[in-house]
Every structure is written in C-alpha cells, then in structure tokens.
Amino acid sequence: MAPRNKHTRVKTARGRKSSSTRWLQRQLNDPYVKEAKRLGYRSRAAFKLIEMEEKLNIIKKDMLVVDLGAAPGGWTQVAVEKGAKHVIGIDLLEIEDMEGAEFIQMDFTDNEAPEKLLEMLGGEKPDMVISDLSPYTTGHKKTDHLKIMALVEMAYDFAAQVLKPGGHFIAKVFQGGAQSDLLKMVKADFETVKHMKPPASRKGSPEQYLVALDFRKNVETE
Ligand SMILES: C[S@@+](CC[C@H](N)C(=O)[O-])C[C@H]1O[C@@H](n2cnc3c(N)ncnc32)[C@H](O)[C@@H]1O
C-alpha cells in the first residue's frame, strides 16, 4: 500500500508560484520521498521497481542485472536487495559506491557500451536489463517526446544485444506505452509483453513501464 503523509505548505513570495516552489511542495508532501528517506533508498523511484516486482517476482538470486540510467542508484539497491549476484549500473552521472553493485559512468548509447558491459560481467550475459532512463528535457513537448522514444528504442537495442535467452527487459516508456514499431519488435523477441503503471509513478505523469519477459533469442548466441 502507498505510504501516507501530512500535507506541508511551502511559503513563497506573495502570489509567486515558481516551478521550483511547486517541485519543493510536491517533494515535501510526497509520502514516497519520506519513505525512501526512512528506509534508506537513494530515490523515490526505488518504489516503482519494488511495486512492479511485488507483482512480477522475477528478480531471482544469482541473477546478473544491468541498470540503465541508474543514478542515484535506487533501482540498483532494489535489485541487490532481491539477491541479484551482481548489478551493473550505467549512467552519465557519477554514482556513489554500493556493495553488490558496480557503476560505470558512460553514455549507454556509445558503440563500445555493450562490449564494455559484457567485459565487466566477465563475458557472461545479463539475465535482466532494467531501464529507468530519462532524457534531459527541453520543455518543448514534441521534442521531448521524440527524445524519450529514441532513448527507449536504444535501450531496447542494447538489451537485445546483451541479454541471455530467457532474460527480461523492463523500461520506462511514455504516453500510450511503447510505440507500435517498437512494440512489434519486442513482441517478436519476448514471450510475454505488457505495460505497468506502479502506484509510485505519479498519476499525472505520462510515464509507464514496458515489461518484456523471457527473451527468445540472442543473435550472437545462435
Ligand atoms: C530517473 S533517473 C533514474 C533513477 C534511478 N532508477 C533510481 O532509482 O535512482 C534517469 C537517469 O537516466 C540517465 N541517463 C539519461 N540518458 C542517459 C544515457 N544516454 N546514458 C546513461 N544514462 C543516461 C540520467 O543521467 C538520469 O540519472
């Protein structure tokens, strides 16, 4: 069940409602933010994976997991807690060390990224690729939507290059879920494909998650 919280009002200069004031007010009144602090999670986003995992139950002991767009590390923490043997988090930003995980500061769209990652995993392919990637937005709705969709497609390409057969892929998508071309490909490559909107994902936000289970093939392993 979603955590509860008392409402806190942020005092501002007369009548002024800057976006930072709105952000601060939302943070102060967000029970997930409080709960993340209480439980020591690095982000409120951790609860999105926790809530999806409550339904999916797919993170198993001894799994190798790759976390795309991992900073500050909330999803990585959850994967480690669930018993994953090794989690590798990739982000453009630096991430504070965590036991059971290894972080690499790089752009996952770099050509060398899949190779670098497999090297870090000692040549073994990961059982799961999870992506909570968010692009840096411009504020221009159409541009931002395109940026987001491009990022999801690249995350999928990345996953298809590195995943073990039988592996899983979870990725943040926006508005109406994965676009039809991408969805067609994902459906061809995975046994089960669905979308989820965990309660921790804000109601007004267009974000939801594409969940693709049991990867059917990996060209390099055939
Ligand atoms: C919403 S945050 C992830 C939060 C994380 N799941 C957690 O629980 O702490 C999205 C991240 O995607 C990262 N990102 C965006 N584009 C990227 C890229 N091309 N390569 C690597 N990371 C990227 C951003 O730097 C940002 O840290």
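Notes on the structure in this doc start here. (Residues numbered from 1 in each chain as written. Predicted model: local features only at pLDDT ≥ 70, side-chain atom pairs only at ≥ 80, totals over all residues. Heavy atoms only, no water.)

## Thoughts on unusual backbone geometry
At step 1: Cis peptide bonds are those with omega within 30 degrees of zero, and the linkage from A71 to P72 qualifies with 5 degrees.
At step 2: Its location among the elements puts P72 in the loop between β1 (64-68) and α4 (74-81).
At step 3: In the Ramachandran plot, D62 falls in the positive-phi region, its phi being about 70 degrees despite a non-glycine side chain.
At step 4: You can see D62 is positioned in the loop between α3 (46-56) and β1.
At step 5: You can call D62 exposed: its relative accessible area is 53%.
At step 6: At D214, a residue that is not glycine, the phi angle is positive and equals roughly 65 degrees. (Helix = DSSP H or I, 4+ residues; strand = E, 2+ residues; numbered from the N terminus. Buried < 20%, exposed > 50% of the residue type's maximum accessible area, 1.4 Å probe, protein only.)

## Quick word on empty space enclosed by the protein
At step 1: All told, the structure shown has 1 cavity of 30 Å³ or more when counted by the stated rule.
At step 2: Space inside the largest cavity adds up to approximately 50 Å³.
At step 3: Together, S131, L133, P135, I148, L151, V152, A155, A171, K172 and F174 line the largest cavity.
At step 4: Counting only elements with at least two residues in the lining of the largest cavity, the list comes to α6 (141-162) and β5 (168-174).
At step 5: With 4 residues, α6 is the single largest residue contributor to the lining of the largest cavity. (1 Å grid on protein atoms, 1.4 Å probe; cavity = no way out; pocket = protein on both sides within 12 Å on 5 of 7 lines; lining within 4 Å. Points joined across faces, edges and corners; volume = space filled by probe spheres on them.)

## Notes on the site of the ligand
At step 1: Within the structure, the ligand sits among 20 residues, and S43, G74, D91, D107 and Y136 are positioned closest to it.
At step 2: Contact distances for the ligand include 2.9 Å between an oxygen atom and a backbone N or O atom of G74.
At step 3: Put simply, the ligand lies in the second largest pocket.
At step 4: In terms of residue class, the shell around the ligand is built from 11 nonpolar, 5 polar and 4 charged. (Near = heavy atom within 4 Å. Polar contact = N/O pair within 3.5 Å; in protein donor to acceptor, adjacent residues only side chain to side chain. Sits in = over half its atoms within 2 Å of the grid points. Nonpolar A, V, L, I, M, F, W, Y, C, P; charged D, E, K, R; others polar.)

## A look at a negative patch on the surface
At step 1: Taken together, the side chains of D110, E112, E115 and E119 present a region of like negative charge at the surface.
At step 2: Tracing the sequence through the fold places E112 in the loop between β3 (101-105) and α5 (113-120). (Patch = residues over 30% accessible without salt bridge, like charges linked within 9 Å, V, L, I, M, F, W, Y side chains within 5 Å. Areas by Shrake-Rupley, 256 points an atom, 1.4 Å probe, with all protein chains shown as cover. Salt bridge = Lys/Arg side-chain N within 4 Å of Asp/Glu carboxyl O. Lys, Arg positive; Asp, Glu negative; His and termini not counted. Charge placed at Lys NZ, Arg CZ, Asp CG, Glu CD.)

## Some remarks on the pairing of β5
At step 1: Of all 7 residues in β5, 7 are buried, a share of seventy percent or more.
At step 2: Where burial is concerned, the two faces of β5 agree: the one with H168, I170, K172 and F174 and the one with F169, A171 and V173 are both buried.
At step 3: Note that strand β4 (residues 128-131) and β5 share 4 bridges and pair parallel. Residue pairing in the sheet places V129 in a bridge with F169 of β5.
At step 4: Of the crossover connections in this fold, the one passing from β4 over α6 to the parallel β5 is right-handed. (Pairing = 2+ DSSP bridges. Right-handed = clockwise from strand over helix to strand, strands pointing away.)

## Examining the packing of aromatic side chains
At step 1: Going through the model one piece at a time under the given rule, you end up with 6 aromatic pairs.
At step 2: Geometrically, the ring pair formed by Y32 and F47 is tilted, given 5.5 Å between the ring centres and 50 degrees between the ring planes. Here F47 lies in helix α3 and Y32 lies in helix α2 (residues 31-39), a separation of 15 residues in the sequence.
At step 3: Ring centres of F190 and F215 lie 5.0 Å apart, and the angle between their planes is 45 degrees; this geometry places the pair in the tilted category. Of the two residues, F190 is situated in strand β6 (residues 190-196) and F215 in strand β7 (residues 207-215); the sequence distance between them amounts to 25 residues.
At step 4: F190 gets classed as buried once you look at its relative accessible area, which sits at 1%.
At step 5: Residue classification places F215 among the buried positions, given a relative accessible area of 4%.
At step 6: Here the aromatic residues Y32, Y41 and F47 are joined through ring pairs into a cluster of three or more. (Phe/Tyr/Trp six-rings, centres within 6.5 Å; stacked < 30°, edge-to-face > 60°.)

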